[in-house]
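Chains, contacts and geometry: an overview
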Amino acid sequence: MGLLDTQVALVTGAGGGIGRATAQLLAREGAAVVCADRNAGTAARTAQALHEGGFPALAVEADITDEAAVEAMVSAAVSAFGRLDVLVNNAGGSSRRDVDVVSMDAGVWDRTMQLNSRGPMLCCKHALPHLLAQGAGAIVNISSGAATAGQLSMPAYAAAKSAVLALTRAIATLHGREGIRCNAITPGLILHENLAPHYPAEHVRIDAANILSPRPGTAEDIANAVLFLVSSMSAFVNGHVLPVDGGLFAHTPTYAQTLELGLESLRLRD
Ligand SMILES: NC(=O)c1ccc[n+]([C@@H]2O[C@H](COP(=O)([O-])OP(=O)(O)OC[C@H]3O[C@@H](n4cnc5c(N)ncnc54)[C@H](O)[C@@H]3O)[C@@H](O)[C@H]2O)c1
């Protein structure tokens, strides 16, 4: 018995990273998984791997910023499997040109908002009628730790991921009484196969110095949290944000420097 037996889950951005790990875990827990991605080839690879494992899956090419494509994606899911129970709004990302506000190109701002805020809203818009019709459903929006506190880069990404947190609460509030749960996850740094080769080593070190966990986060850590939030294990959790960040935001900003100084330095002198 899996936690999601008989259910149908749609995962956007399922072609790699966190989305692929999530698709794999939801499938192992019994869901038929619709693997959507704007990259048809990677979506097909994820679905193929699920088929090879004996799991029902469907690959769909869809750009979540294109409303007609989103509508077609949801229709394809329902046509293939007859229902929809779970939506994981995972597709997202940032631009290298999202550096600061003074030099912000308004086009970069708009595209970042389109991908990380408008896209998840469109997916909710077209998935919700199916969830509402059956009086049950779970949505998980993958936001980011960038929505939690000010950072020295990516202001557009932070704003877009913050908007998704507001959208999460709005959907939970609008539709909770109709059986819909909508929660969000704010991941910390997750260096999976797509990101690790490009991520600057010195920033990996800074992250390691500031998280409380003794190891870096993995795509599977986020997938596990998604599974919790879409399964009956979290039946009484609605409209909330779950940080999955190794404790990055659980401590004072002076944590890393204090550790470096040594705990002895905290002793008050006579
Ligand atoms: N990796 C991290 O450290 C981290 C941290 C915080 C939040 N996040 C968020 O988690 C989510 C997944 O991140 P990831 O690191 O796995 O990203 P990734 O770039 O490895 O994968 C994202 C997937 O989404 C797809 N995609 C991109 N734009 C799309 C679009 N318009 N329509 C459909 N598919 C699209 C890509 O093709 C890719 O397969 C994103 O929303 C990201 O912002 C990631």
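Look up a bit, the structure's there.
Our subject in this report is the structure included herewith. (Residues numbered from 1 in each chain as written. Predicted model: local features only at pLDDT ≥ 70, side-chain atom pairs only at ≥ 80, totals over all residues. Heavy atoms only, no water.)

**As for the overall build of the protein chain**
- Across its full length, the protein chain holds eight helices and seven strands.
- Rg of the C-alpha trace for the protein chain: 19 Å, near the compact-globule value of 18 Å for 270 residues, within the 12% margin.
- Projected onto the principal axes, the alpha-carbon positions of the protein chain cover approximately 70 × 45 × 40 Å.
- Of the contacts made within the protein chain by residues no fewer than 6 positions apart, 74% connect residues no fewer than 24 positions apart.
- For the protein chain, the distance from the average site of its 18 positive side-chain charges to the average site of its 24 negative ones is 2 Å. (Helix = DSSP H or I, 4+ residues; strand = E, 2+ residues; numbered from the N terminus. Rg over C-alpha atoms; globule rule 2.2 N^0.38 Å. Contact = heavy atoms within 4.5 Å. Lys, Arg positive; Asp, Glu negative; His and termini not counted. Charge placed at Lys NZ, Arg CZ, Asp CG, Glu CD.)

**Some remarks on the sheet that holds strand β3 (residues 57-61)**
- Spatially, the seven strands line up as an open sheet ordered β3-β2-β1-β4-β5-β6-β7, and their pairing is parallel. Across the chains shown, the open sheet's two edge strands, defined by having one partner strand only, are β3 and β7 (241-244). Within the sheet, the average angular offset between the axes of one strand and its neighbour, ignoring direction, is 15°.
- Direction of pairing for strand β1 (residues 8-12) relative to strand β4 (residues 86-89): parallel, over a ladder of three bridges. Bridge pairing links valine 11 to valine 88 in β4.
- Of the strands in this sheet, β1, β2 (32-37) and β4 are in contact with helix α1 (residues 17-28), which crosses β1 at around 170°.
- Sheet contacts for helix α2 (residues 40-52): β2 and β3; angle to β3, the most-contacted strand, approximately 180°. (Pairing = 2+ DSSP bridges. Axes fitted to C-alpha atoms, helices over the stretch in contact; angles between N-to-C directions.)

**Notes on a nonpolar patch on the surface**
- On the surface, Leu3, Phe228, Met233 and Leu242 cluster together into a nonpolar patch covering about 340 Å² of accessible area.
- On the secondary structure map, leucine 3 appears in the segment before β1. (Patch = residues over 30% accessible without salt bridge, like charges linked within 9 Å, V, L, I, M, F, W, Y side chains within 5 Å. Areas by Shrake-Rupley, 256 points an atom, 1.4 Å probe, with all protein chains shown as cover. Salt bridge = Lys/Arg side-chain N within 4 Å of Asp/Glu carboxyl O.)

**Structural notes on helix α4 (residues 106-134)**
- Compared with an ideal rise of 1.5 Å per residue, which puts 29 residues at 42 Å, α4 spans 41 Å between its outermost C-alpha atoms and is within 8% of the ideal.
- At glutamine 114, α4 shows its largest kink, close to 40°.
- Positive phi shows up at glycine 135, right after α4, with a value of about 75°. (Expected span 1.5 Å × (residues − 1). Bend = angle between axes of the 7 residues up to and from the residue.)

**A word on the environment of glycine 188**
- Looking at the secondary structure, you find glycine 188 in the loop between β6 (180-187) and α6 (201-210).
- Separated by 28 residues in the primary sequence, glycine 188 and proline 216 have C-alpha atoms spaced 9.3 Å apart.

**Remarks on the side chain of aspartate 207**
- Its place among the elements puts aspartate 207 in helix α6.
- Other than its neighbours up to four places away in sequence, aspartate 207 contacts Leu189 and Leu248.

**Describing the pairing of β6**
- Of all eight residues making up β6, eight are buried, and the element is well covered by its neighbours.
- Of the two faces of β6, the one lined by Ile180, Cys182, Ala184 and Thr186 and the one lined by Arg181, Asn183, Ile185 and Pro187 are each fully buried.
- Bridging between strand β5 (residues 137-142) and β6 involves six bridges; their strand directions are parallel. In the strand pairing of β6, valine 140 is matched with asparagine 183.
- In the sheet, β6 pairs with β7 via four bridges, with the strands oriented parallel. Bridging from a neighbouring strand, proline 187 pairs with valine 244 of β7. (Buried < 20%, exposed > 50% of the residue type's maximum accessible area, 1.4 Å probe, protein only.)

**Focus: the site of the ligand**
- As a matter of local geometry, the ligand sits amid 27 residues, with Asp37, Asn90, Tyr157, Ile190 and His192 nearest to it.
- Protein burial of the ligand: of its 830 Å² of free accessible surface, 87% is covered by the chains.
- Those elements that place two or more of their residues in the shell around the ligand are α1 and α5 (155-175).
- Taken together, the residues that form the shell around the ligand break down as eleven nonpolar, twelve polar and four charged. (Near = heavy atom within 4 Å. Nonpolar A, V, L, I, M, F, W, Y, C, P; charged D, E, K, R; others polar.)

**A word on the environment of phenylalanine 236**
- Within the secondary structure layout, phenylalanine 236 lies in the loop between α7 (219-230) and β7.
- Take phenylalanine 236: its relative accessible area is 85%, and that puts it in the exposed class.
- When the C-alpha positions of phenylalanine 236 and isoleucine 185 are compared, they lie 16 Å apart, and in sequence the two are 51 residues distant.

**Description of the packing of α1 against α7**
- Where α1 meets α7, the closest approach of the two axes is 8 Å, and the angle between their N-to-C directions is 50°. Our classification of the angle between α1 and α7 gives oblique. Pair α1 / α7 crosses with right-handed handedness. Side by side, α1 and α7 meet where Gly17, Ile18, Ala21, Thr22, Leu25 and Leu26 of the first sit next to Ala219, Glu220, Ile222, Ala223, Asn224, Val226, Leu227 and Val230 of the second.
- A breakdown of the residues in the contact of α1 with α7 according to their chemical character gives ten nonpolar, three polar and one charged. (Parallel < 35°, antiparallel > 145°, perpendicular 65-115°, else oblique. Left-handed = near helix turned anticlockwise from the far one by under 90°.)

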